[in-house]
Amino acid sequence: SLSLLALLALLCCGGPGAAGQRRKEMVLSEKVNQLMEWASKRSVIRMNGDKFRRLVKAPPRNYSVIVMFTALQPHRQCVVCKQADEEYQILANSWRYSSAFTNKIFFAMVDFDEGSDVFQMLNMNSAPTFINFPAKGKPKRGDTYELQVRGFAAEQLARWVADRTDVHIRVIRPPNYAGPLMLGLLLAVIGGLVYLRGSNLDFLYNKTGWAFAALCFVLAMTSGQMWNHIRGPPYAHKNPHTGQVSYIHGSSQAQFVAETHIVLLFNGGVTLGMVLLHEAATSDMDVGKRKIMCVAGIGLVVLFFSWLLSVFRSKYHGYPY
């Protein structure tokens, strides 16, 4: 009879399985409430080792967490970390203040100086790194963001987040008044010059000035400045194992900011050489000076164009030279 009463009591209480399920639900509710409270104060939740293990690694979890592993302390001298953090903050703020905001996904950050044990646990030796920890299971290969290929622009991160979590975030950037201010300053300078030199506007018809401005614009565009503006790549890459800094990206599908500056310099050298060759052929100077200009022009073209070819060769492996 005692055994029967115990069995009935167990059935009435729902058994150990039901009790465990209720306990999991309570733990999950506490974790979600804690994350929501932190997210209401700061879009990107800063985590140390304890918070990461309890809220990200440990089950139960019905939410995804996007974590940026970084090193923002000044003594780390990680310029890319600061640039990536700015874009990451824009993405997190766009989600936090969106009308579609839910507890389905959270944005977090682990700084090396606050959670070095997390870096060791994940065998991570580079920063910044973005990883998606899904609501179910462990992160897969695609849950690690390809920073070197896609850059760290908020728009690119948003596409990756949508691909991994089905959460679509419309990136809203804070207003930037630097562009309008610079344009206004430029117009003011031009207006002042026109006012002061109203009787002499010949400088507006200076072909050399307009040609130089057009040439600078063409060199900037052909070197990849617009690609940098759209994709937001890092300035360079430092190998965490050897400490070697790479200024040329090894893939033809990506580039560094430093690479565009190098290509701009090389294109400028080739252009200067061509200008010298043209002047040597058409100017009225004496023959000796024209010969010097011709030799200098040929040297600049050969030197800088060969360097351009070497950059091309390093990015397009196997090209038949």
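The rules behind these values
Residues numbered from 1 in each chain as written. Predicted model: local features only at pLDDT ≥ 70, side-chain atom pairs only at ≥ 80, totals over all residues. Heavy atoms only, no water. UniProt positions renumbered as here; feature names shortened; annotations may be inferred. Salt bridge = Lys/Arg side-chain N within 4 Å of Asp/Glu carboxyl O. Helix = DSSP H or I, 4+ residues; strand = E, 2+ residues; numbered from the N terminus. Core = buried A, V, L, I, M, F, W, Y, C linked by side-chain atoms within 4.5 Å. Buried < 20%, exposed > 50% of the residue type's maximum accessible area, 1.4 Å probe, protein only. Contact = heavy atoms within 4.5 Å. Pairing = 2+ DSSP bridges. Axes fitted to C-alpha atoms, helices over the stretch in contact; angles between N-to-C directions.

With an unreviewed UniProt entry as reference, the protein chain is termed Dolichyl-diphosphooligosaccharide--protein glycosyltransferase subunit MAGT1, source organism Campylorhamphus procurvoides. According to the UniProt record, the Sequence similarities (unreviewed entry) comment for the protein chain reads "Belongs to the OST3/OST6 family."

Participant: A description of the pattern of salt bridges should follow, citing residues and the corresponding values.
Facilitator: This structure, assessed with the given rule, holds ten salt bridges. Where glutamate 114 meets arginine 46, a salt bridge forms, and the shortest distance between an N and an O atom there is 2.9 Å. With glutamate 114 in the loop between strand E3 (105-111) and helix H5 (116-121) and arginine 46 in strand E1 (residues 44-46), this pair connects stretches of sequence that are 68 residues apart. In this structure, the salt-bridge partner of arginine 53 is aspartate 50, at a minimum N-O distance of 3.2 Å. Taken together, the residues span about one helical turn, with arginine 53 and aspartate 50 both in helix H3 (residues 49-57) at a distance of three residues.

Participant: Describe the nonpolar core, naming the residues involved and giving the relevant values.
Facilitator: Counting 29 residues, the largest nonpolar core has Tyr88, Leu91, Phe107, Phe130 and Val161 as the members making the most contacts within it. Going through the elements one at a time, strand E2 (64-70), helix H4 (79-96), E3 and helix H7 (154-165) are the ones with two or more residues in this core. Considering each element in turn, this core owes the most residues, eight residues, to H4. The residues contacting phenylalanine 130, other than those within four sequence positions of it, are Val67, Met68, Ala84, Tyr88, Asp143, Thr144, Tyr145, Leu147, Leu157 and Trp160. Core analysis: the next-biggest nonpolar cluster, separate from the first, contains 22 residues, Leu28, Val110, Phe119 and Phe133 among them.

Participant: Which residues make up the pairing of strand E4 (residues 129-133), and what values go with them?
Facilitator: When you tally the buried positions in E4, you get five out of five residues, the bulk of the element. Pairing of E2 with E4, which is carried by five bridges, proceeds in the antiparallel orientation. If you follow valine 65 over to E4, its bridge partner there is phenylalanine 133.

Participant: Quick rundown of the environment of arginine 150? Include the residues and the values.
Facilitator: Position of arginine 150 among the secondary structure elements: in helix H6 (residues 147-150). Exposure remark for arginine 150: the relative accessible area of 22% places this residue in the partly exposed category.

Participant: Pulling in residues and values, what's your account of the sheet that holds E3?
Facilitator: Taken together, the four strands give an open sheet; going across it, the order is E1-E3-E2-E4, and neighbouring strands pair in mixed fashion. Two strands bound the open sheet, and with one partner strand each, they are E1 and E4. Neighbour-to-neighbour, the strand axes of this sheet turn through a mean angle of 30 degrees, independent of strand direction. Where E2 lies against E3, seven bridges are found, and the strand directions are parallel. When the sheet's bridge partners are listed, methionine 68 is paired in E3 with methionine 109. Strand contacts of H4: E1, E2, E3 and E4, with the helix running at about 160 degrees to E3, the strand carrying the most contacts.

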